[in-house]
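# Summary of the model geometry
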Amino acid sequence: MTSGGEGTREGGSDAGGRTGDERTHAPHHIRGDARRGAAPTGHAHAGIVETMSRTTAPERAFDVRAFARDARGSHRDALDLAAFVDAPLDDVSLRLVAVLHHVEAATMGRLRDMLVTATHKDARVTAFLVTWAYERFWIADALRAILDAHDHPTELHGRARFRPRELAERRGPVRRAIIANLTGTDVIAVHASTGLVDEWIIGEAFGALARHARHATIDVLAGIVDDVQSRHLDFLGQEAERRLAESARARRLSRRAILGGAWPIGAIHVPARARHLLERLTFAGAQGRLALERVRDRVAALPGMDATADRLAARLVA
Amino acid sequence: MAFDIDRYTKQSEGVEWGDLDLDVFDEQPLDEPTLRTLRYMCDVEYHTVCYLRDLLTTPSHKEPEVGAFMTMWNREEFWHGEALAAVLAKHDITVDYDVLKARRVKLGWKDRLDPIKQSLLGNVVGHDFVAVHMTYGAANEYSANAAYHRLAKMVTHPVLTPLLKRIAIQESKHIAFYATQARKRLEASKKARVITRFVMSKVWQPVGSGINSDDEVTHVMTHLFRGPDGRKIIRDLDTKISALPGLEGLQIVEKAMDARGVPA
């Protein structure tokens, strides 16, 4: 999840701070279920199907305690790593695995960026984050196991992309904490909405990996990720929906963070070539365009994010 | 003491209490001083995520072993809070997310400024500041472990005693990590030893001091560590902490007890 932005408005807002997003928003709740184009295992829904069920938060309030109790640990036993001996992954797949490992393994840094803000005071949110970090650790571990099975390095080398609009992503804990003290509790909405966008993009990237690799072990992993992500999406979706619907300032800050973000979160530190690979495999080509449309539609369905969704989609392939 | 991070992460799990019959508390309820101490412990466990925030202000979490430990440690401490909250709930004491949030909000500006202060100190001191965090963590985990063992022995309750022992077993793994990290970093740098000794002797306070009132801290320390048996535990804690490189001769725990008037 990215940092909370400053309380400034992005361009194009009217006198009331409302943007095109604000003027066209119709509040509703949304859940993105089919996050990837391919359906690698029984965990994923078949085909390129977008299933969106609409409900209200009270009807399906996320049970953080049950989530914590049922957290998914190591996936190594579920992955047939020996299958890579006879059928190793190609270089492009391995490079994408390394990028995904990089962003999943950077979860503690993301946690820090959230905990130095008012987000840390919300005990329900931090209870979720404790388990969320645990589950992401084991996804990263599974990716590392695949890299190790190929003697492929986990480190990425090369210069990261520099874009002025992503400068906020480079803030350290001091600046984040100072800004967050001014932002207050609306920062929780920013963390929820950017976390949601991140999960959508990561889900599509795993789908792209499964499509490209055409390997049973990767299919299994993609199914596991799909399963693990489903509960992250539930919580983040509910939090983002409610908090964005309640606060114009939260919507404004979230728009700014989404458009100023380097996606997926953590990509700001990924070498430019590796980041380009992830973007190309995930969002280029016929399947990629469908993936991009799914991300765009899900973002657009969030309160106050209609126009932001189009701008984000354009940037994901820029 | 070596620490095997792969083994630790594989074995890490939330503390179990589903097999313990909490209804026993209906027949054998805990007394008020014990409940007050348990409430304090529960708050400290839940508050671990806020301690984690301060630890994460240094770059140490980018080291795979440290990041892995923090992930598991944070989750285990959360479950300690959940377990103790379940015991408190049997005595009509509610510790839920709203209560915890209210407690955190009440901490005010000091809490808001803490990560900034920690970050700036980390920037000024440099990488050696990680040694301070690790030593602080070791002292706190030594203390928590001793407190759980002590309370388990004091109450001799068919449910609480085994639960506290289970928690203490997990705390002993945390000790192994922090003490190993602290020793390694203190041995490697004179600057780390000097700064850590200064911070531990001038700043360290019993675990929970930052989030509880002085009255609560004094109650818990007195409840657990009063008398000759308690004082022996306190001196053992000082012996362990002062065995770390650069901390020879420190008696920070005993001084903290004396300052709070805990009778020997």
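No experiment lies behind these values; they were computed from the predicted model shown.

### Regarding the overall build of chain B
When helices and strands are counted, chain B shows 13 helices and zero strands. Listed by position from the N terminus, the elements making up chain B come as α-α-α-α-α-α-α-α-α-α-α-α-α. When contacts within chain B are restricted to residue pairs at least 6 apart in sequence, long-range pairs at least 24 apart make up 83% of them.

### Quick look at the interface of chain A and chain B
Taken together, the contact between chain A and chain B spans 29 residues of the former and 40 residues of the latter. It is A:Arg69, A:Met108 and A:Lys121 in chain A that bury the most area against chain B; as a group they hold 22% of the surface buried on that side. Connecting chain A to chain B are three salt bridges. For B:Glu16, the salt bridge is made with A:Arg69, and the minimal N-O distance between the two is 3.5 Å. Across the contact surface, chain A and chain B share six residue pairs in polar contact (both at pLDDT 80 or more). When residues of the side of chain A that touches chain B are traced back to their parent elements, those giving at least two are helix H2 (64-69), helix H5 (107-115), helix H6 (123-149) and helix H7 (173-183) of chain A.

### Looking at helix H4 (residues 91-105) of chain A
Residue and element names in this part refer to chain A. For H4, built from 15 residues, the straight-helix expectation of 21 Å at 1.5 Å per residue is met to within 8% by its first-to-last C-alpha distance of 21 Å. Listing the buried residues of H4 in full gives Ser93, Leu94, Leu96, Val97, Ala98, Val99, Leu100, His101, Val103 and Glu104. Where H4 begins, the capping side chain belongs to aspartate 90, and its oxygen is found 3.1 Å from the backbone nitrogen of valine 92.

### Some details on the packing of H6(A) against helix H6 (residues 97-106) of chain B
Closest axis-to-axis distance for the H6(A)/H6(B) pair is 8 Å, and the angle between their directions is 105 degrees. The angle between the axes of H6(A) and H6(B) places the two elements in the roughly perpendicular class. Only B:Tyr97, B:Leu100, B:Lys101 and B:Arg104 of H6(B) make contact with H6(A), whose side of the interface consists of A:Ala123, A:Arg124, A:Thr126 and A:Ala127. Its residues assigned to classes, the contact of H6(A) with H6(B) shows four nonpolar, one polar and three charged.

### Observations regarding the pattern of salt bridges
For the structure shown, the criterion picks out 37 salt bridges over all chains. The shortest N-O distance in the salt bridge between A:Asp141 and A:Arg144 comes to 3.8 Å. Placement of both A:Asp141 and A:Arg144 in helix H6 is noted, with a separation of three residues, approximately one turn of the helix. For A:Asp141, a relative accessible area of 9% puts it in the buried group. Assessed through its relative accessible area of 30%, A:Arg144 is described here as partly exposed. The network of salt bridges with common partners includes A:Asp122, A:Arg124, A:Glu239, A:Arg242, A:Arg243, A:Glu246 and B:Lys101.

### Considerations on unusual backbone geometry
Across residues other than glycine, the phi torsion is negative in most instances, and most of the peptide bonds are trans. For the peptide bond that leads from A:Trp263 to A:Pro264, omega is -10 degrees, which places it in the cis range. As for its placement among the helices and strands, A:Pro264 is situated in the loop between helix H10 (248-260) and helix H11 (272-283). Non-glycine residue B:Asp92 carries a positive phi angle of around 60 degrees. With respect to the helices and strands, the residue B:Asp92 is situated in the loop between helix H5 (64-89) and H6. Since its relative accessible area comes to 73%, B:Asp92 is described here as exposed. Its identity is not glycine, yet B:Thr156 carries a phi of approximately 35 degrees, on the positive side. Its place among the elements puts B:Thr156 in the loop between helix H8 (129-155) and helix H9 (160-188). Take B:Thr156: its relative accessible area is 60%, and that puts it in the exposed class.

Calculation rules
Residues numbered from 1 in each chain as written. Chains lettered and ligands numbered in written order. Predicted model: local features only at pLDDT ≥ 70, side-chain atom pairs only at ≥ 80, totals over all residues. Heavy atoms only, no water. Helix = DSSP H or I, 4+ residues; strand = E, 2+ residues; numbered from the N terminus. Contact = heavy atoms within 4.5 Å. Buried area = accessible area lost by both parts, 1.4 Å probe. Salt bridge = Lys/Arg side-chain N within 4 Å of Asp/Glu carboxyl O. Polar contact = N/O pair within 3.5 Å; in protein donor to acceptor, adjacent residues only side chain to side chain. Expected span 1.5 Å × (residues − 1). Buried < 20%, exposed > 50% of the residue type's maximum accessible area, 1.4 Å probe, protein only. Axes fitted to C-alpha atoms, helices over the stretch in contact; angles between N-to-C directions. Parallel < 35°, antiparallel > 145°, perpendicular 65-115°, else oblique. Nonpolar A, V, L, I, M, F, W, Y, C, P; charged D, E, K, R; others polar.

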